[in-house]
Structures are given as structure tokens and as C-alpha cells.
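Analysis of the macromolecular model
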Amino acid sequence: MSDMNTAMVEKYRNDFLKEVVANVEEGHWVKMCMQCGVCSGSCPLGPHWAHPPQEIFMMIRAGKRDEVLSSDSMWMCTSCYNCIVRCPRELPITHIMHGLATYAKRLGLAPRNQPTSQFSEIFWNNMMKRGRVNELKLGLSLYFKDGFGQGVKNALANQKLGMNMMKAKRMSPAEFFGGHGVEDTSGLQKMIKKAEEIELARLNANK
Amino acid sequence: MSDEKKFAAFTCTGCGIGDRLDVKQLEMTATRDGKMPSCQTHEMLCSKEGVAMIQNAIDNDGVNHIMIAACSRRAKIEAFHFPTVAMSRANLREGVIWARPEGDEHQETTQEMADDYIRMACAEVRFMEVSQPSGEQGCVENILIVGGGVSGMTAALEAAAAGFHCHIVEKEGQLGGWAARWHKRIPFRAAPEGTPNTLTAYLPEPVDNDVADLIAQVEANDKITVHLNARVTRTSGAPGRFSADITTESGQLVTENYGAIVQASGWKPFDIDSLPKYGHQHPDVITNVELEQMAREAGDGPIKRPSDGKEVKSVAFVQNAGQASDKEGYLPYHSGIGDLVSIKQALYFKAQNGDDCDTTILYNNLRTPGAAGEDFYRSGQQKMVTFTKGEVNEVANGGNGATVRFKDKILDEDVELPVDLVVLDIGMVPNAGPDPYAANESLEGMSDEDREEAKEKMASETAVTVESILNLDYRQGTDLPQLKWGFTDSHFICFPYETRRTGIYACGPVRRPMDIRQAQDDATGAAMKAIQAAVHATHGEAVHPRVGDLSYPRFRKEGCTQCKRCTVECPFGAINEDEQRYPQFNESRCRRCGTCMGACPVRVISFANYSIDTVGQQLKNVDIPDEFEEKPRILVLACENDAYPALDQAAMSGQEISPWARVIPVRCLGSVSLSWINDSMNSGYDGVIMMGCKRGDDYQCHFVRGSTMAAERMRKVGDTLQTLNLEPDRVAVHEVAITDIERAPRLIREMEEVIERVGLSPFKF
């Protein structure tokens, strides 16, 4: 991973914008930002971003590679799409944020122990097992992600919620043993694997 | 036409006038008090039959003075258009029945109002004369165009296409001005409608310079004569009969007559050397004007940096260099098009030096006016021009190349940007002659002695003299008056092409900073106005704003004291002095505002249809009830362009106007004579309100200085009132806009309150 990072630094030197254009999903739109700030003003989580989208775009143009890729800002995006709807230049801002996050993760620069990042990973691994999300296991993995003691505390704190969900048949304890999935799990896994290979080949070609 | 005045009055009973008012009494007022020999009534005077009735009286009974009592003089002007006679109109509709509520309790005062307006209109027409053109001007289908750049050439081509001859006077050895030197020009058109918002869609790009085509068209046009290396060394006369001396560098002199003049004297680049922080002294720091030449010389090849001839691989554009700041030595305004220019020039580098040439535009507020504007900005972004919002603190020498130190305003940090080349976006300075009033304005408010002293001091101190462009032999100065910062004065919204010298139209960047496209539109407008001025002058008609008015100022020579006030106060420099030092009115330079009439202390200046008497007699013919009746009278002198229509509108929208008010429209508050105020106070009016237009830099006055002049003169009214032992509150001057529909009637109500407080005038007899 850091291999790729070194390669990318080598290739684009100080032109981070070109690196983003070439490697980040929808990254070629970054140059079209006109710095009006409507995205930052529209974001429901705006105050919690270290660098709101408008600033991220400006930082990319100013070549602030490390600051952008190691930032936790993109990870704050909840995909509400308010910014996309409002952007006067029609930039796919939400997609760019996810693209930047993915790219940073791939290069190994994404912040560690960032909750959204952790959740995304847990969610992905959970789903890839059987092609469907196992909600019981997803919940448990989240509870216990910071250790056993903390996990028990979390579980007790949410005991009532869990019981109610089971009563309402929104969650089944039987899911603990295997749980439901898609018909052809291995087929799905193969497909995703292939897609990952293609994506990686594309990135490697850009090195 | 015989000199004998023959009168006739006409009353309309339509629009509810007949229902609300006692028409028999109105007729009696017109014939008995108004001394009209006859008064005919029609149920719809503006109808074909009604108009025919009036026309019949004019054609068959020899009537040459008519009084029409119907709607406002601002309404039905097409129907009541009788140019061969003198006409006054009593405003019974907007002025009376629409402004007053119905009901028996109001009937008496409403009828009184209507009777007064009839008396006033009759008095007015009795003192009017039929306007006739002076016949001073012939028809000269020839336009003088000063300046041979894009504006001047466009004006010439447009005027020639309309059948007029033109003379272009260009001070340099070739046509084309600055624009001919540009490598490429800013695109005029936006992306086609329906262009998708994708990163590969075609967006406007810099366009090949086409000024050479324009030059070729001018040279091929047999209606256009070009004088190169030439200047206008003298201009005299008036619209329809201008005479100008054109002198070439070699001393050759041509004198020609012109119907009108277009001044397209253009602009010059701001001298950025006076601000060393922008580093223009360093070899690799150039202005946007200099870059054009470099790009042009490079052809389609790469642009090289001046210091060592290395191909430029990184360039920074510093926007607003020396502009839009009130700091000493900066241009106080923003030239508006500099951002478009920099986008264009950044694209030169992308096209000629390759996609990998880094181009950064350091802007503060990015402005891209014009049809292509936003799309051109996107075009730059699409091609990877970097736009950075920042404030440049310094441009430092880098030996080869330069370093821009700026504050990034989005990321809030100080940045150093080393580049091969720095391009400074410098401002456009108008090429205007000396402002005739520059000295006067700085002297405003001084005593006469101090003023003389300051004038002498100023004359000795100002070593740098600006060369005159027009060399007018007008008493008020050699060139077009300026609003500020050297740009010629005009009203940007209401009448952009007019200058303060009738028949002389400014266009292009001498009026405000603009690009080729805007200058072409501007020049077309100015050419049309010039033709209009020349043709109207031939008929002795005013052009603007009293279009078609045949009256012009005349004076009673034996009464004139040669005080010169009219020649100084005319906002349009229309009045010169003749050899005997009497005023010489040059009527086709005149806008017919009457500011001279209001200025004249001995009241000798008048127009055929507007004079001290036409207004003075109106106010004297109002019936003033004695004080026991407790019916005050408020005289309202309202500007016919704004305040009067505002009052009409108020009535139309159902607002009440005080039954004590008697409104007289005046051409401009500048035409108000102090004698009217005096007379009204002596005749027992309880209050006087003057409603004029906004004055100052953002004036709304159609005659530019009229309302300012009025405000100055009215300061002295206080003294007059004191000598009469009257309260100064009885006279009020207000700025009223045409939109002040609710405010205008309120101002009259406020005067009612004042009268209630201070009591009725003791001068009622």
C-alpha cells in the first residue's frame, strides 16, 4: 500500500490536482469548483468537518496532499446529498468525498480508528460473508470493536433497544448461527474480487 | 400666423369628471375667472370626435391658445397633440377627482380644487406663446468622431450605414487603438443552449483578433473620412452647426461643419510603476498589456520569459493590481473586465506553452461580465487554469522568474508562489480631457475671497495639464464634464449616452471601463443618438429629455444686468457670451430645463411656453379663502419628470391628496424662481413645498444639476421669510422619486400639520 503511495508521490510530485483527477472517483470535477461555499453551508455535519468540501477542493488545488489524504473530513460525509443538490456547478461532491476517502484508504493514509472508517470496514466484511448484512453480528461487532469489557458495557446500555427489536421481529437471535444470505455466495465473492482486481490494475497503471 | 392670441377652452366630462363635479360651474369659471371667450364640453374629449372638435376650432376659428380641462398633462399626450398652438391642461382627473374621496362632505373642497385648476390653466395659457423653432440650424449630415479605436470605428460604420457622413480623427498613425494590438479577443458568445455540463463539452475560447476587418471596412467606406496623426484643435457652434478644426501633426488644418459629435477617445493603461510592491521593475513581471504583445510575437509558439528567453512553464496572474482601493496612488475603481482578460491570457499559455504550463489566477472577486462570461470562466477551469482566492502582498524578483507572496483567503495562510512569469492585471484609465468643473467642486462652500485665492494657488500648482480632446470654445470649459475618476458624466441607467454637452456623445471606455463587445454596443448607441441630435437640431427641436420641444430660452436684453449667473449655472454649458457680454443662448445646445430662468435675478429669461409669468400667474389665480374659512392653501411646485407623475400615480392608486394642495408642474426644480416663493407668500399661501429629484453623485435629476442648484438657492429662502416675519417651516424642499407614490401625498399632509402648528398665513386678504 505505502508502495503505491510512494509511487504516486513520485509520479505527480507537487501536482496533487492532477493526481486526484487521475485516481479519485469523479476527481476530475475538482477543478470546476468555483469556491462559492454552498456545499459547506449546506452540510448538516458542516461544523464537525475539519475542512469542509469547499476547503478540501482548494487544498487539492494548493497541492496539500498529506493534509487532504490524512484528513478525517471526507469520512464525516453521511451521503445526504444536500451538497450535490445545491452545487451551482453541479459537482458530484458526495461522490468526490467518498472517492477521496477510498483513495486515501488504499494508499494507507486514511486516519486510523476513525469511527466511520471502522464502521465501513466492519459493514463491508460482514456483508461479503454471505452477500447480505447480518444485523445481529454487525451490531455485536460494533459493540465489541473496542474490546470485550467495552462491548459488554455497550450491550447492556442498549439492552432494551435490542429486546424491543427482537420482539418486533426486526432482529433474530437465530442470525447468530449463520444467518441468511444470497443464493450464490461464492459467485458474488468472485465477482467482487474481479472488480477489485480491475480497479487495482487501473491504479497500478497510473503509478 | 398672426400675433394675436385667440383662446378657447375645452372641458371633458368623461372618466367620472362629469359625475363628480359641477360642470356648468367649471365652464363659468373658465369663461368668467379664466377669461376664456368660450368653453366647450365633450363627454370624452380624447375620443376622435373630441379631438376633432378641438382641431376644428384651431383650423376654422383661428384659435391658437387652448386650455384643456381633462386628465393630467402626462396622460393622453398622443390624443392632445396640437403642435401648432399653445396649450395648457387643467388636471381634473388625477389632480382632483381621483385624489379626493367621494361624498357630500367633501364636495365643496373638491369643486374648489377643480375650479382653481381651471383658473390656473387659463392663466397659464394666457401668458404662453406659440413655440416656434429659431431656424438657427440647417441640416448637416456629417458626424465628427474623435478616436479611431473599436468604439470610434463602430460609431462611424453605424452612422454611415444610416446614410450619414463621418470624419474620424485619430491621434495616432493607424486606426484600431489598443484592441488592434491584442493577440486574441474575449469571446462574445456563451456556449450554445443545451450544452451539457460535462468536462468535455465545448466551451467558449479566445477568438482571433478581428479588428483588422473593422479597419478594412472603415477604409473601404466612401462615407467615412479618416484623419490620422490628427487632433481636434477647436470646436465651436452647437448641434446642427458644429464647426471643428482638425490639425494634423504636419500642421495641416481642415475645418468642417458637423451635425453632432461622438467622443470615443478610449483609455490608457494605469501606470503600475508608481506602485513598486507589484514588482513591475523586475524583468519577469509584466502587465497584461505587455503580455498581449509577447503572445502576438510568439505567434502560435511558446511564450518565453523576458529575462533569459526560457519557455514559460508556470505563470501567475495578479488580479486587480493597483485597482479598487482607496489607498494613495491606487485606482479607486475596478476595471471590471480584467478577470476575463486574464482567463483569455491563461488560455494562451495552455494553447501555446502546453497543457503542463501551470497557470494560476490570483483573484479576490472574480468578475466575468458579458454573454460568454460564466462559460468562459468554466472554459478556463476545464483546461486546468487554477483559480486561487488570495490577496497579493508583494511580487519579488527571483533573478529569473519571480515570487508572488500572497494570503490565501480560503485556506487563511500566507503563501509563496515561485513562477517563471508574473502578469499584472492593471486598470483602464479614461482618456478624457480636463474636467471643466474640477476646480469648482473642490471650491464649493468657500467664501468668494478664499475661492479666488485657492484658484490662483491651484493654477500655479498644477504643473501637469491634461490635453484637451475637443477644445470646445464653450464658456464653461473645453471638454465634457466628468462624474468622477475622469469618466464622462451621464446617467448610467436613465440616459447612458447623454453627456452634459448636448449633441456630443461619449462612448467606449471613456465612459466606463469596457471590453470590445460592450464598446461596440455603446458606439452604436452613441452613433444613433448623434444622428438624432443632428436631425432634431435641424427642426429646432430638443432631443433629451424634452424630446420635440420647440421652445428655447430668450431674454429681454434691456433688462439684463450681465450678471453671468445664467452662463455659469447652465448644467449643459449652452450659454456663451457675445461680444457685448450679453448671454448667447445657442438654443440647440439647450435641454430646456429652465435652470437659467430660475437663476436670473432680474427675471428676463423666458421660454415661449414656460416663463416666470406662466407659473407666477397660475399661483396668483388660485382663489385664496380668507382666514375665517380655515381653508389653508399649499403650493406644490413639482418636477414634471418625477414628482408630478408620482402624485398622478398616487391618485390612480387611490391615495388621497390634501384638498388644500395646488400642484404646479415645473420643468426642473432648477427653473424655480425665488420670486414665485415670494409671490406665493405675499398672496397668502400657508405653505410651499418644492419636490425635485435626488441630487449628488447618484443624482436622479434629468438635468443633472438642476435640483442641486435649486437646493443652493433655496437656502436663501429663510432670509426672505424672516423679512416677511413668517416661519421658515412654511417652505420645504424635498427629494421625491417617481416611485414615492405613498410618500409624496404624505409630504403634503406633513405640511398641513406644520400649518396647523404655526397657524394660517397672516397675508390673506
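Residues numbered from 1 in each chain as written. Chains lettered and ligands numbered in written order. Predicted model: local features only at pLDDT ≥ 70, side-chain atom pairs only at ≥ 80, totals over all residues.

This paragraph deals with the overall build of chain A. A count of helices and strands for chain A gives 12 helices and zero strands. Taken from N to C terminus, the helices and strands of chain A fall in the order α-α-α-α-α-α-α-α-α-α-α-α. Its C-alpha atoms put chain A at 55 × 40 × 30 Å along the principal axes. Within chain A, the proportion of its 207 residues that are buried is 25%. In chain A, of all internal contacts separated by at least 6 residues, the share reaching a separation of at least 24 is 63%. (Helix = DSSP H or I, 4+ residues; strand = E, 2+ residues; numbered from the N terminus. Buried ≥ 20, exposed ≤ 12 C-beta atoms within 10 Å, placed from the backbone. Contact = placed C-beta atoms within 7 Å.)

All right, on to the confidence of the model for chain B then. Any region with low pLDDT has predicted coordinates that should not be read closely. Residues and elements named next belong to chain B. Looking at chain B as a whole, its pLDDT mean stands at 92, while 96% of the residues score no less than 70. Highest mean pLDDT in chain B belongs to helix 6 (residues 150–161) (98); lowest belongs to helix 11 (residues 438–443) (61). Per the prediction output, this complex has pTM 0.87; the corresponding ipTM is 0.84. (pLDDT = per-residue confidence, 0-100.)

Let us now look at the domain arrangement of chain A. As far as domains go, chain A holds domain 1 (2–110) and domain 2 (115–196). Relative placement of domain 1 of chain A and domain 2 of chain A: their C-alpha centres are 29 Å apart. (Domains from an automatic or database assignment.)

All names here are of chain B. One way to put it is that helix 5 (residues 104–126) packs onto helix 16 (residues 612–620) with a least axis distance of 8 Å and a crossing angle of 155°. With respect to helix 16, the element helix 5 is oriented roughly antiparallel. The way helix 5 lies across helix 16 gives a crossing that is right-handed. Where helix 5 approaches helix 16, its residues Met-120, Ala-123 and Glu-124 are matched on the opposing element by Thr-614, Gln-617 and Gln-618. (Axes fitted to C-alpha atoms, helices over the stretch in contact; angles between N-to-C directions. Parallel < 35°, antiparallel > 145°, perpendicular 65-115°, else oblique. Left-handed = near helix turned anticlockwise from the far one by under 90°.)

A few words now on helix 7 (residues 93–107) of chain A. All names here are of chain A. Along its 15 residues, helix 7 runs 21 Å from first to last C-alpha, staying within 8% of the 21 Å computed at 1.5 Å per residue. Of all the positions in helix 7, only Ile-93, Thr-94, Ile-96, Met-97, Gly-99, Leu-100, Ala-101, Tyr-103, Ala-104 and Leu-107 are classed as buried. Positioned one or two residues after helix 7, Gly-108 has a phi angle of 80°, which is positive. (Expected span 1.5 Å × (residues − 1).)

What follows covers the interface of chain A and chain B. Facing 10 residues of chain A, the contacting portion of chain B comprises 11 residues. By residue class, the composition of the side of chain A that touches chain B is four nonpolar, two polar and four charged. (Nonpolar A, V, L, I, M, F, W, Y, C, P; charged D, E, K, R; others polar.)

With that settled, the discussion passes to the sheet that holds strand 11 (residues 242–248) of chain B. All names here are of chain B. One open sheet holds the three strands; their spatial order is 10-11-12, and the pairing between them is antiparallel. In the strand order of this sheet, the two ends are held by strand 10 (230–236) and strand 12 (253–258), each with one partner. Sheet twist, expressed as the average angle between the axes of neighbouring strands with direction ignored, equals 25°. Examined bridge by bridge, strand 10 and strand 11 share six bridges and lie antiparallel to one another. Pairing of Ala-230 across the sheet is with Thr-248, part of strand 11. (Pairing = 2+ DSSP bridges.)

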